[in-house]
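# Topology and contacts: notes
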Amino acid sequence: MPKPAARGHEIFPKPPETKAAEAQIRHGEIKFIEQCSRCHVLGACVTPDLRKLPLEVHDLFKDILLKGALAPRGMERFDDLLSEADADKIHAYLINQSWLAY
């Protein structure tokens, strides 16, 4: 059986600017671990590495997380588990992680 092609290293796009406080980022990390990490890891995985979100996806982040904007592509909505403030804090955590990787 032939080996699959080697996984390439995708370039990290420049993340959006953020003014999130450290406490918001830490709260976002906790919520990410509780709700997102069962499918998303920060690194090589079968699901997207959320540190590499393009800017247009950052613009839709809350709609994806809370309104199911990507439900047809398999991303469930979490409005029953997360508030808008939680979504903002998860997003702040991901942006922070994106800057660390960038």
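Look a little higher up for the structure.
Parameters and conventions
- Residues numbered from 1 in each chain as written.
- Predicted model: local features only at pLDDT ≥ 70, side-chain atom pairs only at ≥ 80, totals over all residues.
- Heavy atoms only, no water.
- Axes fitted to C-alpha atoms, helices over the stretch in contact; angles between N-to-C directions.
- Helix = DSSP H or I, 4+ residues; strand = E, 2+ residues; numbered from the N terminus.
- Parallel < 35°, antiparallel > 145°, perpendicular 65-115°, else oblique.
- Contact = heavy atoms within 4.5 Å.
- Nonpolar A, V, L, I, M, F, W, Y, C, P; charged D, E, K, R; others polar.
- Phe/Tyr/Trp six-rings, centres within 6.5 Å; stacked < 30°, edge-to-face > 60°.
- Buried < 20%, exposed > 50% of the residue type's maximum accessible area, 1.4 Å probe, protein only.
- Lys NZ or Arg CZ within 6 Å of the ring centre and 35° of its normal.
- Core = buried A, V, L, I, M, F, W, Y, C linked by side-chain atoms within 4.5 Å.
- Salt bridge = Lys/Arg side-chain N within 4 Å of Asp/Glu carboxyl O.
- Polar contact = N/O pair within 3.5 Å; in protein donor to acceptor, adjacent residues only side chain to side chain.

## Quick notes on the packing of helix α1 (residues 22-36) against helix α4 (residues 84-101)
Look at α1 against α4: their axes get within 7 Å of each other, and the N-to-C directions meet at 100 degrees. Here α4 runs roughly perpendicular to α1, going by the angle between their axes. The residues of α4 that touch α1, namely those facing Q24, I25, H27, G28, E29, K31, F32 and C36, are D86, K89, I90, A92, Y93, L94 and N96. Partitioned by chemical class, the residues of the contact of α1 with α4 number 7 nonpolar, 4 polar and 4 charged.

## Digging into the packing of aromatic side chains
Two aromatic rings, taken as a pair, are described by how far apart their centres are and by the angle between their planes. Under the defined criterion, the tally for this structure stands at 2 aromatic pairs. Relative to Y93, the ring of F32 has its centre 5.5 Å away and its plane inclined at 45 degrees; by these criteria the two rings are tilted. Note that F32 is positioned in helix α1 and Y93 in helix α4, a separation of 61 residues in sequence. Comparing F32 with Y93 shows no difference in burial state: the two are buried. The ring of F12 is capped by K52, whose NZ or CZ atom sits 4.8 Å from the centre of that ring.

## What about the nonpolar core?
If you look at the biggest cluster of nonpolar residues, it comprises 15 residues, and the most contacted ones within it are F32, F61, L65, L82, I90 and L94. Sorting the residues of this core by element identifies α1, α3 (61-67) and α4 as the ones contributing at least two each. Per element, the largest residue contribution to this core is 5 residues, and it comes from α4. Discounting residues that sit within four places of it in the chain, F61 has contacts with L53, A87, I90, H91 and L94.

## Some points on the pattern of salt bridges
The full count for this structure, using the stated rule, is 8 salt bridges. For R26, the salt bridge goes to E22, with nearest N and O atoms at 2.9 Å. Within this pair, R26 and its partner E22 are both found in helix α1, separated by 4 residues, close to a single helical turn. For R26, a relative accessible area of 36% corresponds to the partly exposed category. Here K62 ties to D88 by a salt bridge, and the two come within 3.4 Å at their closest N and O atoms. Of this pair, K62 sits in helix α3 while D88 sits in helix α4, and the two are 26 residues apart along the sequence. The exposure class of D88 is partly exposed, given its relative accessible area of 39%. Each of E22, R26 and E29 takes part in one network of salt bridges that share partners.

## Remarks on the side chain of H91
Counting through the fold element by element, H91 comes out in helix α4. A polar contact of 2.7 Å, which involves the side chain of H91, links it to the side chain of H58. What H91 contacts, discounting residues up to four positions off in sequence, is H58 and F61.

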